[in-house]
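These are the residues of each chain, in order.
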Amino acid sequence: MVCNVKILLTLFVSLADLALTTILFIHGHQFDKFTTEIYKYSFSNCFIDIWFLSVLRFAILFGASVAVLCNAKDAVPRLQYSSGFVLSFCGLMFTYLIVKLLFYSEHQKDLRQPWFWGLFACTTVCCVCLYLLWKLLSSVKPRRPHLSINAEDGNTEESAKLLSDYANEHDLNKPERGDYESHGIKKKANEKRSTVLRLLSYTAPDFILLIIAFIALLATSIGEIFLPLFTGKVIDGIVVNKDYNEFTHAITVMALISAGTALTSGLRGTLFMIVMARLNIRIRNCLYSSIASQDIGFFDCTKTGDITSRLTSDTTVMSDSIALNLNVFLRNSVKSIGYLVLMFKLSWQLTIVTLIMIPLVAVVAKVYGKYYKKLSRMVQDTLALANNVAEETLSSMKTVRSFAHEIKETAKYADKLHDTYLVKLKEAFAYGGFVVTNRFMELTIDVILLFYGGHLVLTDRLTPGNLISFILYNLELGDALESLEAVYTGLMQAAGAAEKVFELMDREPKITNTGRLMPGNVQGQIEFKNVSFTYPSRPDVCVLKNVTFKASPGEVIALVGPSGGGKSTCVNLIEHFYEPTSGSILLDNIPIQQYDHEYLHNKVAMVGQEPILYARSIRENIAYAMENHCTFDKVKHAAVLANAHKFISELKDGYDTEVGEKGTQISGGQKQRIAIARALIRDPIVLLLDEATSALDSESEYMVQQAIYGNLQNRTVLIVAHRLSTIEKANRIIVIDKGTVAEQGSHLDLLAQNGLYAQLVQRQLLSTNITQDDEPPELTNPNINGPITSVPLNPINQLAFSPDNNSDDDSESFLSSPGGITFSVGSYLM
Ligand SMILES: Nc1ncnc2c1ncn2[C@@H]1O[C@H](COP(=O)(O)OP(=O)(O)OP(=O)(O)O)[C@@H](O)[C@H]1O
């Protein structure tokens, strides 16, 4: 039905076009001469060619309609494919019409003939209609065959199958290729438009500033519009009229206009710069707040380089481009309109000649803008990759140096920059091609203008001053249009950067901290109930499988097990960095999601494996996130508890010592103690220590542990550790292996069970003995699966930490057994 309406409309309009052109042609008394005109054709005087053009339009649309009617499925994609040609054809037809009009005006002195302007207007409108109708026909959807499914026939299923088969066979269930293309283009165009509009909406708070800037802009533009006109008047005053008063008057007006526009353009520039700066700050703040609220999974999957690139270069491109281009667009639009009005007033014929070139310029700008946007996005992407490489290397310079990898890292960076260079090279060539085409078009217009303008002056239809004014206007119009083209490209650049920024800004965090619960009293009972979990960055690997355990208030629980088993993951889940895929984590029998974000993190404190310090003083690091309600005494007390006070006091600046970026100016053990103080200062009810003391020497560790255990009565402590001294003190040990709770119980219970825990301990002892004696140990069954009776319990117990039996070796990763055996703690239970 819709298809028929479109075809009928096309046929009707094309017929109307033919009929109207024929009537106007006959009305112009051309009919009498019809036969003779064909033989004695004169371009400037005969309109038979315009009539033939209407026949051609009719033929094109009629042919297309018939093709769509007969076989829409084949015809429609062809129509879509050739719509560019039709547009070019319409442009050519219009150009031909303009040239014809100019030639006719040369021949016919009196142009006040309604039929002539009617024919001119009708042909112009029909040129536009040709393209629109072509697009209309291109949007026709092929019809499906009429297969009825009639339940009464008793063969519904059969008919349905037939329908489905037919649809599959003829690809009717899938959208047509053209559908995809036009849908994609429309979607992109809409997205582009809405991105720019959304970007503009961020300037709303500066509405008043923008209005004042716009008034200043309007005043500047209007003033500048009149300058070429008065230049022409000065020349006419000097050369044609030779009138002293006339040319001094013109010069005075020009000087006043120039002074006024100088002032207003200064005001305009200042205001737009202010709007630009405010917009930039506004966008950065919005983006930063969105990034800061993202879930930890997002940071696992996104490179820091990409985020900083969005936050720095993309936001700058966005705000600078939009403010600058808004300014340029408004200024040049006002100027272009003003120039065109005055140009028409000076000489309509010359103006029409100028206008013929505008569609050409627009097409070139459109093609170039599209390509340039693609390239600028590629440049930004390749730059982000290079930034990632640089950032990764610079943030781990010690590792790079320890592997003597500087040259290779530099080469890698250069490699990435080379990719950027290649894209920039393409950009440069594209720009070059555009400049050549543009200049060529400008030159052509100039030559035609001078030739035709000279002709008008020589035939007394234009004064020399007006010709000069016109040429100046034409140059100014060229500049204004060029700036408008640049606006388009600039806006596309801003839209490209904005799309990426908005994408990040609009990202909804997978975990939202919407909990509001803030009970006055928390006991600190932690419970894992059938918790299963996969990391968002690796959704196909199940890291925890049905993990269930409970930590009662006041209990110290040690999480042990082979590396990669999932111990730190448990800690991360209690911290609500991620949400379990299934099951729940409860604090005092209430899911942790229900607690207020700030409240939860005050009650549950964590010290990580590699604690991060900020480039601030030690005091500020300890008081992190507590600045408003934290006295120096509290900071000191926390430092004493964490066994950090002594070393801090020995530093020249004490608590005001700057720790450097990520705490690089202090040792690993000192860093850990400051991090422990940072956790203890908030007096948490649950303390999570994820290998938090691994970098401490044995004595420091002992003292920190004393502080923790001595001061955290009735507090729950979950400790991930490899050192036996740490593990052994726990009330309960939970062995996590391959994401499941393999065993749990006290140290001795687990040894007695002779399971994984005992095996891990036994394996360690075995390797220790071999290291010491180079002889097989005295074990009845050295096999790791051997009975627990084969492991002498005594030595293990003797390994339990005691400050007295420690060697003086305070290396962070070694312990000494009573027999002087040294073994790696890092691999102790692995
Ligand atoms: N952010 C992450 N994204 C994806 N996978 C991760 C992430 N963090 C850890 N994993 C994976 O999850 C599994 C468990 O890691 P987890 O850090 O919990 O182990 P662990 O028992 O604490 O090990 P270790 O004793 O070596 O610290 C490992 O296979 C690890 O590769």
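Everything numeric here is computed off the predicted structure, so don't read it as measured data. (Residues numbered from 1 in each chain as written. Predicted model: local features only at pLDDT ≥ 70, side-chain atom pairs only at ≥ 80, totals over all residues.)

Novice: Help me understand the overall build of the chain in this model?
Specialist: When helices and strands are tallied, the chain shows 27 helices and 12 strands. Within the chain, the fraction of its 830 residues that count as buried is 33%. Residue pairs in contact within the chain that sit at least 24 positions apart in sequence constitute 78% of those at least 6 positions apart. (Helix = DSSP H or I, 4+ residues; strand = E, 2+ residues; numbered from the N terminus. Buried ≥ 20, exposed ≤ 12 C-beta atoms within 10 Å, placed from the backbone. Contact = placed C-beta atoms within 7 Å.)

Novice: Help me understand the site of the ligand, please; the structure alone is not making it clear to me.
Specialist: In the vicinity of the ligand lie 13 residues, with Tyr535, Ser563, Lys567, Ser568 and Thr569 positioned nearest. Among the elements that take part in the shell around the ligand, helix 17 (residues 567-574) stands out by supplying three residues, more than any other. For the shell around the ligand, the per-class residue count stands at two nonpolar, eight polar and three charged. (Near = placed C-beta within 6 Å. Nonpolar A, V, L, I, M, F, W, Y, C, P; charged D, E, K, R; others polar.)

Novice: What am I meant to see in the environment of Val531 here?
Specialist: By the secondary structure assignment, Val531 is in strand 1 (residues 526-534). Given 23 C-beta atoms within 10 Å, Val531 falls into the buried group. Separated by 48 residues in the primary sequence, Val531 and Glu579 have C-alpha atoms spaced 9.7 Å apart. Residues in contact with Val531, not counting those within four places in the same chain, are Leu544, Val547, Leu573, Pro580, Gly583 and Ile585.

Novice: How do you make sense of the sheet that holds strand 6 (residues 604-607) when you look at a structure like this?
Specialist: Paired through backbone hydrogen bonds, the strands of a sheet run either parallel or antiparallel to each other. Spatially, the six strands line up as an open sheet ordered 6-7-8-3-9-10, and their pairing is mixed. The open sheet has two edge strands, strand 6 and strand 10 (740-745), and neither has a second partner. The average undirected angle you get between the axes of adjacent strands in this sheet is 20 degrees. In this sheet, strand 10 lies alongside strand 9 (residues 732-737) in antiparallel orientation, the contact comprising five bridges. Considered in strand 10, the bridge of Asp737 is made with Thr740. (Pairing = 2+ DSSP bridges. Axes fitted to C-alpha atoms, helices over the stretch in contact; angles between N-to-C directions.)

Novice: Help me understand the sheet that holds strand 2 (residues 542-551), please; the structure alone is not making it clear to me.
Specialist: Reading across the sheet, the four strands line up as 2-1-4-5 and stay open at both edges, with antiparallel pairing between neighbours. Here the strands that pair on one side only, and so sit at the sheet edges, are strand 2 and strand 5 (590-591). Strand direction decides the pairing type here: strand 1 and strand 4 (residues 582-587), joined by five bridges, are antiparallel. Residue pairing across strands places Phe528 opposite Ile585, the latter belonging to strand 4. Of the strands in this sheet, strand 1, strand 2 and strand 4 are in contact with helix 17, which crosses strand 1 at around 110 degrees.

Novice: I'm lost on the UniProt feature "transmembrane region" (unreviewed entry) in the chain in this one. Help?
Specialist: As annotated by UniProt and renumbered to match this structure, "transmembrane region" (unreviewed entry) occupies residues 7-30, 50-72, 84-103, 115-134, 207-230, 250-275 and 348-368. The span residues 207-230 shows a helical share of 100% and a strand share of 0%, and its end C-alpha atoms are spaced 35 Å apart. End-to-end, the C-alpha atoms of residues 250-275 are 37 Å apart, and along that stretch the chain is 100% helix and 0% strand. (UniProt positions renumbered as here; feature names shortened; annotations may be inferred.)

Novice: Help me understand the confidence of the model for the chain in this model?
Specialist: For residues with low pLDDT, the predicted coordinates do not support detailed interpretation. Within the chain, residue pLDDT values average 78, and 82% of them lie at 70 or more. In this model residues 169-182 is a low-confidence stretch, pLDDT under 50, and it forms 14 contacts with partners more than four residues away in sequence or in other chains. Note on residues 766-830: pLDDT under 50 across the span, and 83 contacts to partners over four residues away in sequence or across chains. On the interface metric, ipTM, the complex scores 0.96, and its pTM is 0.62. (pLDDT = per-residue confidence, 0-100.)

Novice: Looking at this structure, how should I read helix 5 (residues 83-107)?
Specialist: Within an α-helix, residues lying three or four positions from one another point in the same direction, as the helix has 3.6 residues per turn. Between its terminal C-alpha atoms helix 5 stretches 36 Å, which fits the 36 Å expected from 25 residues at 1.5 Å a residue. Those residues of helix 5 lying buried are Cys90, Lys100 and Leu101. (Expected span 1.5 Å × (residues − 1).)

Novice: Explain the packing of helix 12 (residues 304-346) against helix 16 (residues 464-505) here, please?
Specialist: The packing of two helices is summarised by the inter-axis angle and the distance between the axes. Put simply, helix 12 and helix 16 touch, their axes get as near as 6 Å, and they point 155 degrees apart. Looking at the two axes, helix 12 sits roughly antiparallel to helix 16. Where helix 12 crosses over helix 16, the handedness of that crossing is left-handed. Of the residues that constitute the contact of helix 12 with helix 16, the class distribution is 23 nonpolar, 10 polar and five charged. (Parallel < 35°, antiparallel > 145°, perpendicular 65-115°, else oblique. Left-handed = near helix turned anticlockwise from the far one by under 90°.)

Novice: What is the right way to look at the packing of helix 9 (residues 207-240) against helix 16 in this model?
Specialist: Across the interface, helix 9 lies against helix 16 with an axial gap of 8 Å and an inter-helix angle of 155 degrees. As the angle between them shows, helix 9 and helix 16 are arranged roughly antiparallel. In the crossing of helix 9 with helix 16, the sense of the turn from one axis to the other is right-handed. Contacts between helix 9 and helix 16 involve Pro228, Leu229, Thr231, Gly232, Lys233, Ile235, Asp236, Val239 and Val240 on the former and, on the latter, Pro464, Gly465, Asn466, Ile468, Ser469, Leu472, Tyr473 and Glu476.

Novice: How should unusual backbone geometry be read in this particular structure?
Specialist: When glycine is set aside, most residues are seen to have a negative phi, and most peptide bonds are trans. Phi angles above zero are rare outside glycine, and Asn546 is one such case at about 50 degrees. Take Asn546: it is sitting in strand 2. Residue classification places Asn546 among the partly exposed positions, given that 15 C-beta atoms sit within 10 Å. Phi at Asp588 takes a positive value of approximately 55 degrees, unusual for a residue other than glycine. As for its position among the elements, Asp588 is in the loop between strand 4 and strand 5.

Novice: So what exactly am I meant to see when it comes to the environment of Thr420 here?
Specialist: When you line up the elements, Thr420 lands in helix 15 (residues 406-458). Residue Thr420 is classed as partly exposed on the basis of its C-beta count, with 18 C-beta atoms lying within 10 Å. The sequence separation of Thr420 and Ala386 amounts to 34 residues, and the corresponding C-alpha distance is 8.3 Å. Discounting chain neighbours no more than four positions away, the residues touching Thr420 are Val379, Thr382, Leu383 and Ala386.

Novice: Please explain the pairing of strand 1 as it appears in this structure.
Specialist: Regular strands place their side chains on alternate faces of the sheet. Bridging between strand 1 and strand 2 involves six bridges; their strand directions are antiparallel. Bridging from a neighbouring strand, Phe528 pairs with Phe549 of strand 2.

Novice: Looking at this structure, I do not really get the environment of Leu467. What am I missing?
Specialist: With respect to the element layout, Leu467 can be found in helix 16. Spatially, the C-alpha atoms of Leu467 and Leu346 are 8.0 Å apart, while their sequence positions differ by 121 residues. Those residues in contact with Leu467 that lie beyond four places of it in its chain are Gly453, Val457 and Leu462.

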